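Letter by letter, the chains look like this.
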Amino acid sequence: MNGATMDNEPILKVDKLKTSFKTERGKVTAVDGVSFDLLKGEILGIVGESGCGKSATAQSILRLYDEKQAIHEGEIWFEGKELLSLRPPEMDKVRGNDISMIFQDPLSSLNPVFTIGNQIAEAILIHKSISKREAYARVLELLRLTGIPAPEKRINEYPHELSGGMRQRVMIAMALACESKIMIADEPTTALDVTIQAQIMSMIVELNQKLDMGVILITHDLGVVAEVCTRVVVMYLGQVVEEADVENLFTRPLHPYTQGLMKSIPQLDCDRSKPLLVIEGTVPSLHQIPEGCRFATRCPFADDLCRSKMPPLEQYAPGQRARCWHAETISKKGEAIRAWT
Amino acid sequence: MTISSESIDLHAVKSALKKEQNKILWRQIMTNGSLFVGFVIIAFLILVALFGPLLMKHDPNTMDVLKRFAAPSADHWFGTDNLGRDVLARVIYGTRISMGIGVAVAIIASMSGLIVGIYSSYYKWLDHLLMRLSDGIMAFPGLLLALALMAALGGQASNVVIAVSIVATPYIARVVRSEALALKEQTFVEATRALGASDSRIIWQHIAPNTLSSLIVQATFIFAEAIIVEAALSFLGAGIPPPAPSWGNILSDGKTYIYKAWWMTFFPGMTITLAIIGLNLFGDGLRDLLDPHVSKAKK
């Protein structure tokens with residue numbers, strides 16, 4: 001396992017977080033009662049398909065949405081502070097300083113008109129009152145830490161002069177600038193090619209261990225999750241459907257959605273004449289959320305109970321929670337595997 | 001080790017590439033006809049405005065009644081006017097005044113337009129307020145509004161600058177606002193917010209520098225517009241108070257004698273035309289250079 005010291009002491013506690021947006025067609029709830037803890041020094045994965053609210057959850061933690069359009073409910077606790085009730089200037093002090101974030105597309109995440117040295121230095125100078133010279137020394141240190149070769153030269157280059165992988169390293173350097181305690185990585189490798197993906201991921205793991213920094217990794221790549229994360233939260237249509245340690249999740253998934261996701265990963269030794277498993281149907285629109293279990297429209301096990309009543313998120317094994325009426329039976333009988341194939 | 005030798009090679013490649021890029025940029029500037037011609041005209045007029053008065057033998061305001069209505073000659077290249085003043089001297093002094101007003105308006109309107117545009121892109125309630133105000137200003141014909149403002153403020157060079165700047169500001173603000181609206185949704189702005197940057201830091205450090213290229217292009221057109229409006233105001237007697245020789249004043253003086261002394265209107269008129277053509281060519285060329293989307297679409 002790659003988790004650092006496990007104190008089992010949550011550094012971030014998200015409690016019944018609900019984020020809704022006012023739209024022309026009425027209120028839309030993108031994140032609906034999501035709760036999870038991030039323990040000190042762990043890498044927590046949040047997985048789910050596009051539109052399941054994983055990015056919305058991340059952005060809500062930092063309150064990046066325009067709060068005239070987005071409504072947050074619930075609580076987010078960090079170091080004795082409830083983030084959702086902080087006044088904007090106090091929230092500014094948390095962003096980047098205590099909790100930092102890296103984004104999907106490293107090209108558009110950097111300002112094209114400034115050198116990268118300038119931008120990393122800015123990340124430091126926003127929160128720390130140190131001289132420009134000291135800031136630049138720290139920038140060089142950060143560039144070295146993130147494995148950028150010849151940092152003395154790179155520091156004066158503009159984003160367009162760097163490759164995608166380099167840019168993502170710069171973004172990570174910015175996220176590390178103030179030694180924040182939590183880093184939220186929103187699909188950090190989606191825009192990069194596979195070899196660079198592996199480099200960036202292993203760097204995130206390395207930094208997590210070296211700096212004892214909590215990481216929330218948002219991804220739809222289960223391979224990455226298996227390799228990197230200690231715990232995983234699976235989301236579907238704005239809700240947590242399963243939460244488990246990474247081993248449990250892969251060996252004994254409880255929720256049919258998680259099982260479906262596992263089954264749709266191609267295996268090296270699979271029978272290539274058979275098509276890959278597809279979870280039938282599409283995610284229902286947020287405007288027409290089904291009554292009862294949200295996955296019922298696509299679930300092979302759904303019955304009348306599922307279609308009429310929402311299952312609670314219940315604990316089935318130590319550290320493993322799932323939101324399914326039939327979790328127990330499905331996982332025991334191994335029925336899942338048959339039903340899906 | 002291999003890495004260091006590689007990085008040296010890379011560096012050489014990079015500097016060669018940079019040289020190549022500079023060469024391409026230089027070629028783009030030189031082959032961009034309108035930019036080049038526009039630049040030459042503007043540079044010439046600026047040089048005239050700065051140094052012309054020093055080289056002149058005639059004073060623009062000294063009257064010589066004996067030489068009234070003298071046709072262009074070796075002594076008076078552009079002839080003399082109804083009071084015997086040298087028209088060339090007046091046009092050259094006028095260059096200083098008119099170009100000065102143009103520059104002042106371009107700078108003031110750019111700054112106020114940048115502030116208005118960028119804040120209205122960022123705060124919605126301000127957007128409604130400022131943009132409706134801009135709509136109101138833009139609904140008037142520019143010259144008419146400037147005329148009304150001059151009537152209210154009183155005829156003075158500084159008031160001409162203020163009046164024309166007020167008329168021009170919404171045009172800059174519109175351009176900046178539309179640019180900033182797109183920029184504000186870019187991920188790098190979100191990323192900067194995630195770093196804990198305050199609104200004003202995002203606005204001035206990150207959005208504003210990215211709007212500059214469109215702002216500069218728009219400012220050259222405002223420069224040209226300001227010269228025309230100033231000339232029109234002076235022509236109508238609501239601009240720079242005579243006898244100060246702004247281009248509009250010289251034209252205005254000449255209009256009564258247009259059949260008797262064509263040079264009194266011809267030369268200042270041609271100078272205004274030259275300045276406006278120069279500025280518009282320069283602005284067009286600059287846009288081609290700074291905004292690759294437009295120039296690509298053209299080809």
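### Details of the interface of chain B and chain A
And step 1. Facing 15 residues of chain B, the contacting portion of chain A comprises 22 residues.
And step 2. Mapped onto the side of chain B that touches chain A, the elements with two or more residues apiece are helix H7 (187-194) and helix H8 (199-235) of chain B.
And step 3. The element contributing the most residues to the side of chain B that touches chain A is H7(B), with six residues.
And step 4. The residue inventory of the side of chain B that touches chain A, partitioned by class, reads six nonpolar, seven polar and two charged.

### Quick notes on the sheet that holds strand E4 (residues 70-78) of chain A
Residues and elements named next belong to chain A.
And step 1. Overall, antiparallel pairing links the four strands, which are arranged E2-E1-E4-E5 in an open sheet. In the strand order of this sheet, the two ends are held by strand E2 (26-39) and strand E5 (81-82), each with one partner.
And step 2. Sheet topology places strand E1 (residues 10-23) next to E4; eight bridges connect them, and they run antiparallel. Within the sheet, the bridge partner assigned to Asp15 lies in E4 and is Glu75.

### Digging into the environment of A:Val283
Residue and element names in this part refer to chain A.
And step 1. Looking at the secondary structure, you find Val283 in the loop between helix H10 (256-263) and helix H11 (304-308).
And step 2. Each C-alpha atom of the pair Val283 and Tyr236 lies 8.4 Å from the other, and the pair is 47 residues apart in sequence.
And step 3. Not counting residues up to four positions away in its chain, the partners in contact with Val283 are Glu49, Gly51, Cys52 and Leu237.

### A few points about the domain arrangement of chain A
All names here are of chain A.
And step 1. According to the domain assignment, chain A consists of domain 1 (10-236) and domain 2 (252-340).
And step 2. On a C-alpha basis, the centres of domain 1 and domain 2 stand 30 Å from each other.
And step 3. If you look at the interface, domain 1 gives 10 residues, while domain 2 gives 10 residues.
And step 4. Mapped onto the side of domain 1 that touches domain 2, the elements with two or more residues apiece are E2 and strand E9 (231-236).

### Thoughts on the sheet that holds strand E10 (residues 239-245) of chain A
Within a beta sheet, neighbouring strands are joined by backbone hydrogen bonds and run either parallel or antiparallel to one another.
Residue and element names in this part refer to chain A.
And step 1. Strand order in the open sheet made by the eight strands is E6-E7-E8-E3-E9-E10-E12-E11, with mixed pairing throughout. Two strands in the sheet have a free side with no partner beyond their single neighbour: strand E6 (99-102) and strand E11 (314-317). Along the sheet, successive strands turn relative to each other by an average axial angle of 25 degrees, direction set aside.
And step 2. When E9 meets E10, the two strands line up antiparallel, connected through six bridges. When the sheet's bridge partners are listed, Val232 is paired in E10 with Ala244.
And step 3. Contacts between helix H6 (residues 164-176) and the sheet are confined to E6 and strand E7 (182-186), with E6 contributing the most and set at about 175 degrees to the helix.

Criteria and thresholds
Positions within a chain are numbered from 1, following the residues in the order the chain's sequence is written. To read the labels, note that chains go from A and ligands from 1, taken in the order they are written. pLDDT decides what is reported in this predicted model: residues at 70 or higher carry local features, side-chain atom pairs at 80 or more are listed and counted, and totals for whole chains, interfaces and linings draw on all residues regardless. Note that contacts rest on C-beta atoms placed from the backbone: two residues are in contact if these are within 7 Å. In this text, helices come from DSSP runs of H or I with a minimum length of four residues, and strands from runs of E with a minimum of two, each type numbered from the N-terminal end. Amino acids outside the nonpolar list (Ala, Val, Leu, Ile, Met, Phe, Trp, Tyr, Cys, Pro) and the charged list (Asp, Glu, Lys, Arg) are all regarded as polar, and Gly is one of them. In short, DSSP must find at least two bridges between two strands for them to pair. Each domain's extent was defined by an automatic or database domain assignment. Axis lines are fitted through C-alpha atoms, for helices just across the contact stretch, and the angle between N-to-C directions can take any value from 0 to 180 degrees.

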